[in-house]
Amino acid sequence: MPSYSLVRFETENGPRAGLLVDGKVIDAAEATGNPSYGSMKAILNDWSSAEKALEKAFADGGLAGRGVAVAQARLLAPIDDPAGIFCIGSNYRDHALSIAKALGMEPEPDPHTLGLKPWFFLKTAHAVAAPGQAVEMSGEKMDWEAELAAVIGRPARNVSIEDALSYVAAYTIANDLSARDRAMRPKVREGSPFRPDWVAQKNFDHSCPIGPALVPASVVGDPQKLPIRLWVNNELKQDSNTDQMIFLIAEQIAHLSSLITLRPGDVVLTGTPAGTGAESKTFLNRGDVIRVEVGGLGELTTPVK
């Protein structure tokens, strides 16, 4: 399969979509001869045709020596304004066991045995942060969560589990930053259904670093067999594999599509493994640097200020 990925990068004429090939960024519109493919949104909205054009541009061999070195390009978030960022909760077996142990609780049974479906919360486009972009501390207990993100490539409504992955255009890396000390509204009694505050905890500005690139699903292969790791200041905090997911990505997409029509450019954050700060009661500090790697999708770095 072709080995390329897609990025957004800054130019004198504003953001452009590009192919990342052999360490160089090449304007996608120039590479394919389609002017509309200068926009990542246009590429995703026309994914079935765009993927063929991108693969052809790569396979023809005419991109050799072209473009600018990625180290000299200013990479932006590969998707800057997704209509929806859907984030599944408690979806890694190792994480669920670790949280239960930290809370002194018995582990929850596999939700499949109870007939349960995946459950999600939302982030908005305000939460997106670019690779390398510094994120301000939110609260005093800001936590990290390494995640594999699936990017939708065509409208999906009431799709089956068997067909769900065919609606994924690409995968990328995300970090679901969480303000743990802002999870509950102060002065609201414990047990009240109005006590949780999902916006304050999960949806503050730049709480979803994403990138650096979109790697086509056809290149990634099986998304349930990818190592996922996160470091804080070069100290390994999370070290797992996407095979630890409770609800598979196909199950997540199928269920979401039963609730709402997923659109091209929508992002599904598929859960985080054990090793978050919530388990060890250690959290981020100003000056820390977070680094996330998932499979062969690159490296997402986020400084904290």
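Criteria and cut-off values
Residues numbered from 1 in each chain as written. Predicted model: local features only at pLDDT ≥ 70, side-chain atom pairs only at ≥ 80, totals over all residues. Heavy atoms only, no water. Pairing = 2+ DSSP bridges. Helix = DSSP H or I, 4+ residues; strand = E, 2+ residues; numbered from the N terminus. Axes fitted to C-alpha atoms, helices over the stretch in contact; angles between N-to-C directions. Salt bridge = Lys/Arg side-chain N within 4 Å of Asp/Glu carboxyl O. Buried < 20%, exposed > 50% of the residue type's maximum accessible area, 1.4 Å probe, protein only. 1 Å grid on protein atoms, 1.4 Å probe; cavity = no way out; pocket = protein on both sides within 12 Å on 5 of 7 lines; lining within 4 Å. Points joined across faces, edges and corners; volume = space filled by probe spheres on them. Phe/Tyr/Trp six-rings, centres within 6.5 Å; stacked < 30°, edge-to-face > 60°. Lys NZ or Arg CZ within 6 Å of the ring centre and 35° of its normal. Core = buried A, V, L, I, M, F, W, Y, C linked by side-chain atoms within 4.5 Å. Contact = heavy atoms within 4.5 Å.

Novice: In this structure, what is going on with the sheet that holds strand E15 (residues 235-241)? I would like to understand it.
Specialist: Sheets are built from strands that pair by backbone hydrogen bonding, the pairs being arranged parallel or antiparallel. A sheet is described by the order of its strands in space; here four strands give the open sequence E15-E14-E17-E18, paired in antiparallel fashion. Each edge of the sheet is formed by a strand with only one pairing partner; in this case those strands are E15 and strand E18 (299-303). Between one strand axis and the next, the sheet turns by 10° as a mean value, whatever way the strands run. Two strands pair when backbone bridges link them, and strand E14 (residues 227-232) and E15 are joined in this way by six bridges, in the antiparallel orientation.

Novice: Which parts of the structure should I look at to understand the pattern of salt bridges?
Specialist: Think of it this way: side chains of opposite charge can pair up when their charged atoms draw near. Using the criterion set out here, one finds 14 salt bridges in the structure. The partner of Glu-10 in a salt bridge is Arg-74, with the nearest N and O atoms 3.7 Å apart. Taken together, the residues span a long stretch of sequence, with Glu-10 in strand E1 (residues 5-11) and Arg-74 in the loop between strand E4 (68-69) and strand E5 (75-76) at a distance of 64 residues. A relative accessible area of 55% means that Arg-74 is categorised as exposed.

Novice: In this structure, what is going on with the layout of surface pockets? I would like to understand it.
Specialist: Where empty space is left in the structure can be found by rolling a water-sized probe over the atoms. Of the pockets and cavities examined, the largest pocket occupies roughly 1300 Å³. What lines the largest pocket is a set of 42 residues, among which Gly-89, Ser-90, His-95, Ile-99 and Trp-119 lie closest to the centre. At the level of secondary structure, the elements contributing two or more residues to the lining of the largest pocket comprise helix H4 (93-103) and helix H5 (198-202). Tallying contributions element by element places H4 first for the lining of the largest pocket, with eight residues.

Novice: What's the story with the pairing of strand E13 (residues 208-216) in this structure? I'm lost.
Specialist: Two faces make up the sheet, and in a regular strand the side chains alternate between them. Most of E13 is tucked away: nine of the nine residues are buried. Here strand E8 (residues 128-129) runs beside E13; their pairing, made up of two bridges, is parallel. Among the inter-strand pairings, Ala-129 is bridged to a residue of E13, identified as Pro-209. The pairing of strand E11 (residues 168-175) with E13 spans four bridges and is classified as antiparallel. When the sheet's bridge partners are listed, Ala-170 is paired in E13 with Pro-216.

Novice: Looking at this structure, how should I read the packing of aromatic side chains?
Specialist: Here the distance between the centres and the angle between the planes together describe a pair of aromatic rings. Following the criterion strictly, the structure yields three aromatic pairs and no others. Taking the centre distance of 5.9 Å and the plane angle of 35° together, the rings of Tyr-4 and Phe-58 count as tilted. Of this pair, Tyr-4 sits in the segment before E1 while Phe-58 is found in helix H3 (residues 47-59), placing the two residues 54 residues apart along the sequence. Classification of Phe-58 as partly exposed rests on a relative accessible area of 25%. Ring geometry for Phe-121 versus Trp-198: centroids 5.1 Å apart, planes at 20°, classification stacked. Of this pair, Phe-121 sits in strand E7 (residues 120-123) while Trp-198 sits in helix H5, placing them 77 residues apart in sequence. Judged by its relative accessible area of 8%, Phe-121 is buried. Of the residues examined, Trp-198 reaches a relative accessible area of 37% and is grouped as partly exposed. A connected cluster of aromatic rings, assembled from ring pairs, spans Trp-119, Phe-121 and Trp-198. We note Arg-154 situated over the ring of Tyr-167; from NZ or CZ to the ring centre the distance is 3.8 Å. The ring of Trp-231 carries Arg-291 above its face, with NZ or CZ at 4.1 Å from the centroid.

Novice: Can you walk me through the nonpolar core in this structure?
Specialist: Generally speaking, a soluble globular protein has its nonpolar side chains buried in company with each other. The biggest cluster of nonpolar side chains holds 43 residues, and the ones touching the most others in it are Tyr-171 and Leu-284. Sorting the residues of this core by element identifies strand E10 (146-152), E11, helix H6 (217-220), E14, helix H7 (249-259) and strand E17 (289-294) as the ones contributing at least two each. Ranked by the residues each element gives to this core, the list is headed by H7, at five residues. Tyr-171 has contacts with Leu-148, Ala-149, Ala-150, Leu-165, Ala-213, Leu-214, Val-215, Ala-217, Val-220, Pro-223, Ile-249 and Leu-297, leaving out every residue within four places of it along the chain. Formed by 35 residues, the second largest nonpolar core is a distinct cluster that contains Met-40, Ile-43, Ala-127 and Ala-149.

Novice: Teacher, can you tell me more about unusual backbone geometry here?
Specialist: If a residue is not glycine, its phi is most likely negative; likewise, a peptide bond is most likely trans. A cis geometry characterises the amide bond from Gly-211 onward to Pro-212, with omega recorded as 5°. Examined against the element boundaries, Pro-212 turns out to sit in strand E13. A positive phi angle, close to 45°, is found at Ser-90, a residue other than glycine. At Asn-233, a residue that is not glycine, the phi angle is positive and equals roughly 55°. Tracing the chain through its elements places Asn-233 in the loop between E14 and E15. On the accessibility criterion, Asn-233 (42% relative accessible area) is partly exposed.

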